[in-house]
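Read off the chains here:
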Amino acid sequence: MHDLRALRADPAAFDVSLTRRGDAPVAGHVVRLDEDRRAAVTALQDRQARRKTLSKEIGTLRRTGADSAALEAEAVALREEIERLEAVVRDCDAEIRDLLVTLPNRLDEAVPDGADEAANVVVHQVGERRNFAFAPREHFALGEALGMMDFETASKLSGARFVVLRGALARMERALGQFMLDLHVQEHGYTETAVPVLVNEAAMFGTDKLPKFADQSFRTEDGRWLVPTAEVPLTASVAGDILPGAALPRRMVALSSCFRSEAGASGRDTRGMLRQHQFQKVEMVSVTRPEDSDAELERMTRCAETVLERLGIPYRRMLLCAGDTGFGAAKTFDLEAWLPGQDAWREISSCSTTRDFQARRMNARYRPAEGAAPEFVHTLNGSGLAVGRTLIAVMENYQNEDGSITVPEVLRPYMGGLAVVGVP
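Residues numbered from 1 in each chain as written. Predicted model: local features only at pLDDT ≥ 70, side-chain atom pairs only at ≥ 80, totals over all residues. Heavy atoms only, no water.

Further remarks concern the overall build of the chain. For the chain, the count of helices and strands is 12 helices and 17 strands. Along the first, second and third principal axes, the C-alpha atoms of the chain reach 110 × 45 × 40 Å. Buried positions account for 48% of the 424 residues belonging to the chain. Once local pairs closer than 6 in sequence are excluded, the contacts in the chain between residues at least 24 apart make up 71%. Of the roughly 19,600 Å² of accessible surface on the chain, a fraction of 48% belongs to carbon and sulfur atoms. Here the chain carries 53 positive and 63 negative side-chain charges, and the mean point of each set is 3 Å from the other. (Helix = DSSP H or I, 4+ residues; strand = E, 2+ residues; numbered from the N terminus. Buried < 20%, exposed > 50% of the residue type's maximum accessible area, 1.4 Å probe, protein only. Contact = heavy atoms within 4.5 Å. Areas by Shrake-Rupley, 256 points an atom, 1.4 Å probe, with all protein chains shown as cover. Lys, Arg positive; Asp, Glu negative; His and termini not counted. Charge placed at Lys NZ, Arg CZ, Asp CG, Glu CD.)

Encoded structure:
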């Protein structure tokens, strides 16, 4: 969550970060609660010390047969005062914790001001947008015409925001995931990791998905959660650990199914497979020393960009503004792919550093040197990439006038040499 010492040292800076996100300042209230708690702890320690002294004095009087009634009365009153102070400390602890878990991460100073995505900043743009000799179609029109993208059957099976892929498009989705994994493992130094897609509440809390985003995730009847992203099990794999400094950075990558309720997305992207309840994603997670996390964010983002460059998909990197930066992130780069069928840039990857925000929630630490005191690690996460959205980008950018889709060169080895989808 948050470092109370840092908050006490500069409450104004803490509030500035909140107000930049559009949230109300709360540092003063937290500081007052913390002062009340520390005052109660000091008083409690004094009373406990006095109780210990009283106990000895009463014992001495009883052994000598002297009257100890006055001291015993004081002891009774002292016990009641101790119980009251313990309750004050518990209540302050609970109120501080309940407040801190609802507060977003502090923003990096480089994050630009702005209320929403309109204020995001283009860092760079890569690749030339194709000039079509025909009106490019959206992915769902292409997929349905090919008979390989079936929303009607998916709706019969599961309801809205699902899709059934068939034939070469199903294989292309699988090929994309395998290509991304191979690239990140073989060239980028990530360790492939197969993770559960059902996790416990501690894993969701530690990765800042609870309590804030409970309504955006699916929960099972036995209290477990379907992962909204493999970030959750990958990052939570170091929860409670003290890692040796020499073992950092730890870089992990997973291809997994992801599940999101899309609460609040009513009416948005209802056609096609851009916004689904279930989708595939390749997720990268890094665990680093604090001094390395800024460089790791740049490295991770470049790993995601490389996927798009190898596929030949035009994209742009966006630095998210304060109002669009996610709850747990200190700084985020989004990658937006060009979708000619939509005539729009759409997010295909999001790479973020959470600094020590998640590490504090899950108590993930490292030892800088042998014998040194443990410190919190920094954690980073990024899509490398969202597989379904990459399929959309490939379909729309590589479509042909007859409705067929050219297979990018890098994917052909994963598709048995197939060069075009949709050729009779």
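After that view of the structure, there is still more to cover.
Looking now at empty space enclosed by the protein. Evaluated as defined, the whole model comprises 1 cavity of 30 Å³ or more. Its boundaries defined by the atoms lining it, the largest cavity holds a volume of some 30 Å³. The set of elements that each furnish at least two residues to the lining of the largest cavity consists of β11 (331–339), β12 (344–353) and α12 (387–397). Broken down by element, the residue count for the lining of the largest cavity peaks at 3 residues, all from β12. A class-by-class count of the residues in the lining of the largest cavity yields 5 nonpolar, no polar and 3 charged. (1 Å grid on protein atoms, 1.4 Å probe; cavity = no way out; pocket = protein on both sides within 12 Å on 5 of 7 lines; lining within 4 Å. Points joined across faces, edges and corners; volume = space filled by probe spheres on them. Nonpolar A, V, L, I, M, F, W, Y, C, P; charged D, E, K, R; others polar.)

This paragraph deals with the UniProt feature "binding site: L-serine" (unreviewed entry) in the chain. Summarizing the sequence annotation, UniProt attributes the feature "binding site: L-serine" (unreviewed entry) to Thr229, Ala230, Glu231, Arg260, Glu283, Asn381 and Ser383 in the numbering used throughout. Structurally, Ala230 can be placed in the loop between β6 (225–226) and α9 (231–236). Relative accessible area serves as the criterion here: at 1%, Ala230 is assigned to the buried category. Following the sequence through the fold, Glu231 ends up in helix α9. Glu231 sits in the buried class, given a relative accessible area of 6%. Contacts of Glu231, omitting those with residues within four sequence positions, involve Thr207, Lys209, Ala236, Glu283, Val285, Gln358 and Asn381. (UniProt positions renumbered as here; feature names shortened; annotations may be inferred.)

Across the sheet, which stays open at both edges, the 8 strands sit in the order β1-β10-β11-β12-β15-β9-β8-β4 with mixed pairing between neighbours. Edge strands, defined here as strands with exactly one partner in the open sheet, are β1 (121–126) and β4 (191–192). Running at roughly 165° to strand β8 (residues 250–259), helix α7 (residues 167–186) makes contact with β4, β8, β9 (278–288) and β15 (378–386) of the sheet. Taken strand by strand, helix α10 (residues 293–311) contacts β1, β8, β9, β10 (315–319), β11, β12 and β15, and its axis lies near 5° from that of β15. (Pairing = 2+ DSSP bridges. Axes fitted to C-alpha atoms, helices over the stretch in contact; angles between N-to-C directions.)

Mapped onto the present numbering, the UniProt feature "coiled-coil region" (unreviewed entry) falls at residues 61–95. Secondary structure across residues 61–95 comprises 89% helix and 0% strand; the distance between its end C-alpha atoms is 43 Å.

Here we come to the packing of aromatic side chains. Evaluated as defined, the whole model comprises 5 aromatic pairs. Plain terms: the ring middles of Phe327 and Phe357 are 5.8 Å apart, the flat faces sit at 75° to each other, and that makes the pair edge-to-face. Separated by 30 residues along the polypeptide, Phe327 in the loop between β10 and β11 and Phe357 in helix α11 (residues 357–362) bring together distant segments of the chain. Members of the aromatic cluster, each reached through a chain of ring pairs, are Phe213, Phe327 and Phe357. (Phe/Tyr/Trp six-rings, centres within 6.5 Å; stacked < 30°, edge-to-face > 60°.)

In this section: the domain arrangement of the chain. Domain assignment breaks the chain into domain 1 (4–101) and domain 2 (117–421). When each unit is reduced to the centre of its C-alpha atoms, the spacing between domain 1 and domain 2 is 46 Å. Of the roughly 540 Å² buried at the junction of domain 1 and domain 2 (both faces included), carbon and sulfur atoms supply 46%. Interface area lost by domain 1 to domain 2 is led by Arg20, Arg21 and Val101, which between them contribute 85%. (Domains from an automatic or database assignment. Buried area = accessible area lost by both parts, 1.4 Å probe.)

This next bit is on the pattern of salt bridges. Two side chains of opposite charge can pair, provided their charged atoms sit close to one another. With the rule as written, the count across this model stands at 30 salt bridges. Here Asp113 and Arg20 are joined by a salt bridge, their closest N and O atoms 2.6 Å apart. Of this pair, Asp113 sits in the loop between α4 (69–100) and β1 while Arg20 sits in helix α2 (residues 11–20), placing them 93 residues apart in sequence. The class of Asp113 is exposed, set by a relative accessible area of 57%. With a shortest N-O distance of 2.6 Å, Arg62 and Glu72 are connected by a salt bridge. With a gap of 10 residues between them, Arg62 in helix α3 (residues 27–64) and Glu72 in helix α4 connect regions that are remote in the sequence. Owing to a relative accessible area of 28%, Glu72 belongs among the partly exposed residues under this scheme. (Salt bridge = Lys/Arg side-chain N within 4 Å of Asp/Glu carboxyl O.)

Another point: the environment of Asp215. With respect to the secondary-structure elements, Asp215 resides in the loop between α8 (201–206) and β6. By relative accessible area, which is 51% here, Asp215 ends up exposed. For the pair formed by Asp215 and Arg260, sequence separation is 45 residues and the distance between their alpha carbons is 9.1 Å.

On to unusual backbone geometry, then. A cis amide bond, omega 0°, links Leu210 with the succeeding residue Pro211. With respect to the secondary-structure elements, Pro211 resides in the loop between α8 and β6. The linkage connecting Leu248 with the following residue, Pro249, adopts the cis geometry, with an omega of 5°. Along the polypeptide, Pro249 turns up in the loop between β7 (242–244) and β8. The backbone phi angle of Asp343 is positive, close to 55°, even though this residue is not glycine.

Tracing the backbone shows Asn200 in the loop between β5 (198–199) and α8. Of the residues examined, Asn200 reaches a relative accessible area of 44% and is grouped as partly exposed. Measuring from C-alpha to C-alpha, the distance between Asn200 and Val387 comes to 25 Å, with 187 residues separating the pair along the chain. Side-chain polar atoms of Asn200 contact the backbone nitrogen of Ala202, separated by 3.3 Å. Among the polar contacts made by the side chain of Asn200, one reaches the main-chain amide nitrogen of Ala203 at a distance of 2.9 Å. (Polar contact = N/O pair within 3.5 Å; in protein donor to acceptor, adjacent residues only side chain to side chain.)

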